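# A structural walkthrough
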Amino acid sequence: MKLETPNMARPVIRQLDEAAINRIAAGEVVERPASAVKELVENALDAGARRIAVDYADGGKTLIRVTDDGCGMTGDDLPLALSRHATSKIDGSDLLNIQSFGFRGEALPSLGAVGRLTITSRAQGFEGVSLTVEGGRLGDLRPAALNRGTVVELRDLFYATPARLKFLRSDRAEMGAISDVMKRLALAEPHVGFTLRDVSGGGDGRLVFRADAENGDFFDALHRRVSGVLGSDFGENALRIDLEREGVRLVGYAALPTYSRGSSVAQFLFVNGRPVLDKMLLGALRAAYMDVLSRDRHPAAVLNVVCDPERVDVNVHPAKAEVRFREPALVRGLIVSGLRLALTGAGHRASNTVATETLEAFRPEPAMVAPVAVPPRVYQMDRPSQATFARAFAAQAPAPQPGFAEAPSARVESAAAPEPDLTERPLGAARAQVHENYIIAQTANGMVIVDQHAAHERLVYERLKAQASDKGIAAQALLIPEIVDLSEADAARLLEIAEDLAALGLGIEPFGGGAIAVREVPAILGRVDAAALIRDIVDDLADLGSSERLKGRIDAVLSRMACHGSVRSGRQMRADEMNALLREMEATPMSGQCNHGRPTYVELKLADIERLFGRR
C-alpha cells in the first residue's frame, strides 16, 4: 500500500537495452558468488571435463576462476558464448529432452553484465583465444597460450550493480556456500576430480576441498566419493539403494536411522545427476524415515532419481533448483518404498557411531594443562581361561544371606560357560540385567548393552503394524468402560478417526461434551492405562496436523500404543525372557532403533574394551 497519492499519468512501455536485460537476467541466475561457481562448474561438466579446479578470493567477491580440461571453444564460438540465449546444448526444437546441466545460454552473458569476465579457451586442433567483457561491453578477441580446455575468470562480481554488493554476506559465509556447491557437484559426478582453493592472500592459496576422480563401478566410485566428502562414518553406516519402477530408477546411499542429524545438511538429492532442492523429493525422503526418526532428527542420504528427460521438466525454476515430474506420485512412491525396503533389509543393524560415542564417554577427560604427550601405557597381562574365571567367581561369591527383601539393581545370571549357539548370534547371550532396564549380553567378540524398553517398543510396534495390515488388531473389551475427559476440539479430532481406531483395536464412543468412553483396547497391549493412552494419541494427532495423510496418523497412533504396551523400565526379566527379546530383535526389521530414532542397543568390541583398560 502506498502512503502518497499515486501519479495517474499513463505509463509508457519501453524496450530495455541489452545491458539492462543482461543485468536483470543476472539477478535471477546469479544470486551470490556460489551461484556463479555453480553455473561455471556445470558448464565445465557439460564440456566433458575430467578435472575441474576452482579458485576464489574474498569469498568469491573479487575473484572466481574455474579451470577445466574439457573440449574447449574455438575463436568462432567464443563471441557467441557471450551472446544471450546462445548455447550448444539444445537446438530449441525440444525443451523437454534436456540432457545437460545448462541449456538457456544466460550464465556467461549475465556474469559479463555484472562483473569483469575473461574467458580463455582452446579446442583440440585449434589455437587458444581469449575474450574479455566488462559490464556488458565486449572486448576484442586475442590469441592466448593454453592447453586444451577453458579458463573462466570472473573479477569484481557485481561491480556494475553496486547495490547488489550490500546484500552479500560475510566472506566466511560466502565461502561456505561455495564449498557446499562444490560438494554437491562432486557427489553428482564421482568420476570427475574437483579442487577448491582460497587464494585471498595470493600465491597458491589454501586448499579448501579436494575430491580425486574415482575409478571403477558407479556404486563403488560413489561410495568412495561419499565417504571422502561426507566422512567415513557416513560411508560405514550407509545402505546401498538401487531400485527401478516403471522406467524410473533410484540409486545412491542412505544412512541408517541411528546416523541421523540435527538438520538437513546431509541430504543431497539429484535428478538425472542435477543437484536439486525439490520440496516433493525432500518430503518423500522424510516420509520414508517417518517410522524410525523423531520430528527433530533428519535422515542423511545421497540419492539420484534417473529417468527419461522427457518425464521431468527442469525449466520451472530460475536456478534450476526445483523440477516438475510428469508422474510425481510414482517418483514419491519409489523413494518411500525403496528406502523402507533398504531399512527393513538392514534388520537389527544400528550405526557404529553409537558405540564410538559410548567409548568416548568412558574415556577419562584430559587434564586442563596438557603435559608432554606420552603414549598410553600398555599393561602386559596373562588372560585367564573361561574355566578359571568361573572358579574364581564361585570362590569369591558372597554367601547367601536370607532376610534381605530389597532387590538389587543388578542381577547376574549363572556364570556357566557361554553357550556357543547364543554367543555366536549377532546380539549374543544375555548375562545380566542392570538397573532393571539394561540387558548385558555377551557376543563372540565383545558385549552388547540393550535398552529393554526401547527395544520392546520397536518390536511391539512392528507386530501392531503387521496385524493392522493383515486382518486388523484383536481387541479386548473392558469390563467397565473408562471415561476420559478432553476438550471438545480434542474429542472431535479423535472421533473423526474412530472407525480407523476400531480397526486398530481401540474402541471409543462419545460420552457427552468433551468426554470419550473407551470400551476396547488392543489385546496385544495387555494391561494398559487407557486414559493416558488416549491423551497421548490426541497430542500426537495435534502435532501431525490435519494435513497429514491418514497412513501417517495411523502409524503415529500405533507408535503410541507400542510405547504403552512395551516392557517398562524397572521390570526385572529372567534370563530366558532376555534371550527371547534378543532373538526377536535379530529377526525384526529396523529393531536397531526405537520408534523415535534412538538406538536400542550399543555393541562394544572386545578390542575396544581392552584398550580402555590398557590391555592394548
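Residues numbered from 1 in each chain as written. Predicted model: local features only at pLDDT ≥ 70, side-chain atom pairs only at ≥ 80, totals over all residues. Heavy atoms only, no water.

Glancing now at the packing of aromatic side chains. Summed over all chains, the structure comprises three aromatic pairs. Ring geometry for F218 against F219: centres 5.5 Å apart, planes inclined by 75°, an arrangement best described as edge-to-face. Accessibility expressed as a relative area gives 4% for F219, which makes it buried. Consider the rings of F234 and Y259, whose centres lie 6.0 Å apart with planes at 70°: the pair is edge-to-face. A residue pair is termed long-range when its members are at least 10 positions apart, and F234 in helix 8 (residues 232-236) and Y259 in the loop between strand 11 (248-255) and strand 12 (267-271) qualify at 25 residues. Both residues of the pair, F234 and Y259, count as buried. Ring-pair connections join several aromatic residues into one group, and the members of that group are F218, F219 and Y253. (Phe/Tyr/Trp six-rings, centres within 6.5 Å; stacked < 30°, edge-to-face > 60°. Buried < 20%, exposed > 50% of the residue type's maximum accessible area, 1.4 Å probe, protein only. Helix = DSSP H or I, 4+ residues; strand = E, 2+ residues; numbered from the N terminus.)

Once that is clear, we can look at the environment of L243. Its location among the elements puts L243 in strand 10 (residues 238-245). Along the primary structure L243 and G338 are separated by 95 residues, whereas in three dimensions their C-alpha atoms are 6.2 Å apart. Setting aside residues no more than four positions away along its own chain, L243 makes contact with V248, R249, L250, L334, S337, G338 and L341. (Contact = heavy atoms within 4.5 Å.)

A full pass over the atoms with the stated rule returns 25 salt bridges. Between K38 and E42 there is a salt bridge; the shortest N-O distance is 3.2 Å. You can see K38 and its partner E42 sitting in helix 2 (residues 33-46), four residues apart, about one turn around the helix. One salt bridge connects D180 with R184, and the closest N-O pair in it is separated by 3.2 Å. Of this pair, D180 and R184 both sit in helix 6 (residues 171-188), four residues apart, which is roughly one turn of the helix. Taking relative accessible area as the criterion, R184 reaches 15% and is therefore assigned buried. Salt bridges sharing common partners tie together D55, R65, E153 and R155. (Salt bridge = Lys/Arg side-chain N within 4 Å of Asp/Glu carboxyl O.)

Below, the discussion takes up the pairing of strand 14 (residues 301-306). Counting buried residues in strand 14 gives five out of six residues, a clear majority hidden from the surface. As defined by bridge partners, strand 11 adjoins strand 14 across six bridges and the pair is classed as antiparallel. Opposite G252, over in strand 14, you have L303 as the bridge partner. Here strand 12 pairs with strand 14 via five bridges, running parallel. Bridging across to strand 14, F268 finds its partner in V302. (Pairing = 2+ DSSP bridges.)

Looking now at the nonpolar core. Formed by 60 residues in total, the largest nonpolar core has its most connected members in V41, I52, L117, F194 and F234. With nine residues, the single largest contributor to this core is helix 6. When residues no more than four places from it in sequence are discounted, the contact partners of V41 are I52, V54, V66, M182, L185 and F194. With 35 residues, the next largest nonpolar core counts I241, L250, L303 and M590 among its residues. (Core = buried A, V, L, I, M, F, W, Y, C linked by side-chain atoms within 4.5 Å.)

With mixed pairing, the five strands of this open sheet are ordered in space as 10-11-14-12-13. The open sheet has two free edges, formed respectively by strand 10 and strand 13 (274-276), since each of these has just one partner strand. Pairs of neighbouring strands in the sheet enclose a mean axial angle of 20°, with direction left out of account. Contacts between helix 6 and the sheet are confined to strand 12, strand 13 and strand 14, with strand 12 contributing the most and set at about 55° to the helix. Its contacts with the sheet put helix 7 (residues 218-230) on strand 10, strand 11, strand 12 and strand 14, and the angle it makes with strand 11 is roughly 40°. (Axes fitted to C-alpha atoms, helices over the stretch in contact; angles between N-to-C directions.)

Moving on to the confidence of the model for the protein chain. This prediction gives the protein chain a mean pLDDT of 80; 76% of its residues lie at or above 70. Taken together, the stretch residues 401-407 has pLDDT below 50 and engages in one contact with residues farther than four places along the chain or on a different chain. (pLDDT = per-residue confidence, 0-100.)

All right, on to the packing of helix 9 (residues 279-288) against helix 10 (residues 328-345) then. It is the contact of helix 9 with helix 10, at a shortest axis distance of 8 Å, that shows an interaxial angle of 30°. The angle between the axes of helix 9 and helix 10 places the two elements in the roughly parallel class. In the packing of helix 9 onto helix 10, the handedness of the crossing is right-handed. Contacts between helix 9 and helix 10 involve M280, L281, G283, A284, L285, A287 and A288 on the former and, on the latter, P328, V331, R332, I335, V336, L339, R340 and L343. (Parallel < 35°, antiparallel > 145°, perpendicular 65-115°, else oblique. Left-handed = near helix turned anticlockwise from the far one by under 90°.)

Attention now goes to helix 2. Compared with the 20 Å implied by 1.5 Å per residue over 14 residues, the 20 Å span of helix 2 between its first and last C-alpha is a close match. The element helix 2 is largely enclosed, with a buried count of 12 among its 14 residues. Where helix 2 is concerned, the buried positions are P33, A34, S35, A36, V37, K38, E39, L40, V41, E42, A44 and L45. Residue G48 follows helix 2 closely and has a positive phi angle near 80°. (Expected span 1.5 Å × (residues − 1).)

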